[in-house]
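Architecture at a glance
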Amino acid sequence: MTFVVRSAEERRREIQEAAAQMGIDDAYISELVETFYTAVRADEHIGPIFAAKIGNNWTPHLAKMKDFWSSVAMNSGRYNGKPVVVHNKLSNNVTQNHFQIWLALFRHTLEETAPTPEVVPYFMERAERIAESLQLSMFGYPGIEKEAG
């Protein structure tokens with residue numbers, strides 16, 4: 001097996017070129033986030049959770065989510081935040097079922113907005129890993145008791 005050593009900048013450029021070929025750019029990220037969070041706010045199960053945390057202060061949240069998904073999908077490096085810490089604070093109000101609803105809404109939004117068919121699995125792979133990571137942090141690994149604190 002041969003390994004090719006690439007710089008971080010080379011890897012970033014490869015990711016950005018691949019994303020661009022699929023039609024992923026800042027305009028699409030903006031459309032995805034705006035459309036998705038419109039659906040989230042309307043959802044009877046997870047909408048109230050977001051409303052309790054964000055209230056009417058959606059503009060900064062949407063901007064942060066655009067930076068987040070830009071970083072995830074295009075390796076833009078624009079997001080700086082601590083999603084695990086933020087989500088762990090919600091563990092009294094959030095269940096694992098809420099993540100399934102979130103993922104279903106996200107997939108539906110992608111299917112409605114994706115500029116090319118490859119975009120749906122590209123984003124869903126990342127969204128599923130993120131959801132899994134957050135759930136493990138919030139609820140622990142099934143069968144292993146989560147440590148307090």
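Just so we're clear, the structure is a prediction, and the values are computed from it rather than from any experiment.

About the criteria used
Residues numbered from 1 in each chain as written. Predicted model: local features only at pLDDT ≥ 70, side-chain atom pairs only at ≥ 80, totals over all residues. Heavy atoms only, no water. Salt bridge = Lys/Arg side-chain N within 4 Å of Asp/Glu carboxyl O. Helix = DSSP H or I, 4+ residues; strand = E, 2+ residues; numbered from the N terminus. Buried < 20%, exposed > 50% of the residue type's maximum accessible area, 1.4 Å probe, protein only. Expected span 1.5 Å × (residues − 1). Axes fitted to C-alpha atoms, helices over the stretch in contact; angles between N-to-C directions. Parallel < 35°, antiparallel > 145°, perpendicular 65-115°, else oblique. Left-handed = near helix turned anticlockwise from the far one by under 90°. Contact = heavy atoms within 4.5 Å. pLDDT = per-residue confidence, 0-100.

This model, assessed by the stated rule, comprises eight salt bridges. Two residues, R78 and D26, come together in a salt bridge whose shortest N-O distance is 3.1 Å. Here D26 lies in helix 2 (residues 26-42) and R78 lies in the loop between helix 4 (58-74) and helix 5 (83-88), a separation of 52 residues in the sequence. In this structure R78 comes out as partly exposed when scored by relative accessible area, which is 37%. Residue class for D26 comes out partly exposed when judged on its relative accessible area of 41%. Residues R126 and E125 are paired through a salt bridge, measuring 3.9 Å at the closest nitrogen-oxygen approach. For R126, a relative accessible area of 16% gives the class buried. Salt bridges sharing partners connect three or more residues here, namely R6, R11 and E14.

This part is about helix 7 (residues 119-139). With 21 residues, helix 7 should cover 30 Å at 1.5 Å per step; its first-to-last C-alpha distance of 30 Å lies within 8% of that length. What helix 7 keeps buried is the set V119, V120, Y122, F123, M124, R126, A127, A131, L134, Q135, S137 and M138. One or two positions beyond helix 7, positive phi appears at G140, with a value near 80 degrees.

Further remarks concern the packing of helix 2 against helix 4. Contact geometry for helix 2 and helix 4: axes closest at 9 Å, N-to-C directions at 130 degrees. Of the possible angle classes, the one that applies to helix 2 and helix 4 is oblique. Considering the relative orientation of helix 2 and helix 4, their crossing is right-handed. Counting all contacts with helix 2, which are made through D26, I29, S30, V33, E34, Y37 and R41, the residues of helix 4 involved are W58, H61, L62, M65, K66, W69, S70, A73 and M74.

A few words on helix 4. Residues three or four positions apart in an α-helix share a direction because the helix packs 3.6 residues into each turn. Over its 17 residues, helix 4 extends 23 Å from the first C-alpha to the last, a length consistent with the 24 Å expected when each residue adds 1.5 Å. Taken as a whole, helix 4 has its buried residues at W58, H61, L62, M65, K66, F68, W69, S70, S71, A73 and M74. On its buried face, helix 4 is in contact with helix 1 (8-22), helix 2, helix 3 (47-54), helix 6 (96-113) and helix 7.

Looking at the protein as a whole, its pLDDT mean stands at 90, while 92% of the residues score no less than 70. Of all secondary-structure elements in the protein, the lowest mean pLDDT belongs to helix 5, at 72, while helix 2 reaches the highest, 98.

Before going further, it helps to examine the environment of F106. Relative to the elements of secondary structure, F106 occurs in helix 6. Sequence-wise, F106 and V84 are 22 residues apart; in three dimensions their C-alpha atoms are separated by 19 Å. Look past the residues within four positions of F106 in its chain and what remains in contact with it is L32, F36, W69, F123, M124 and A127.

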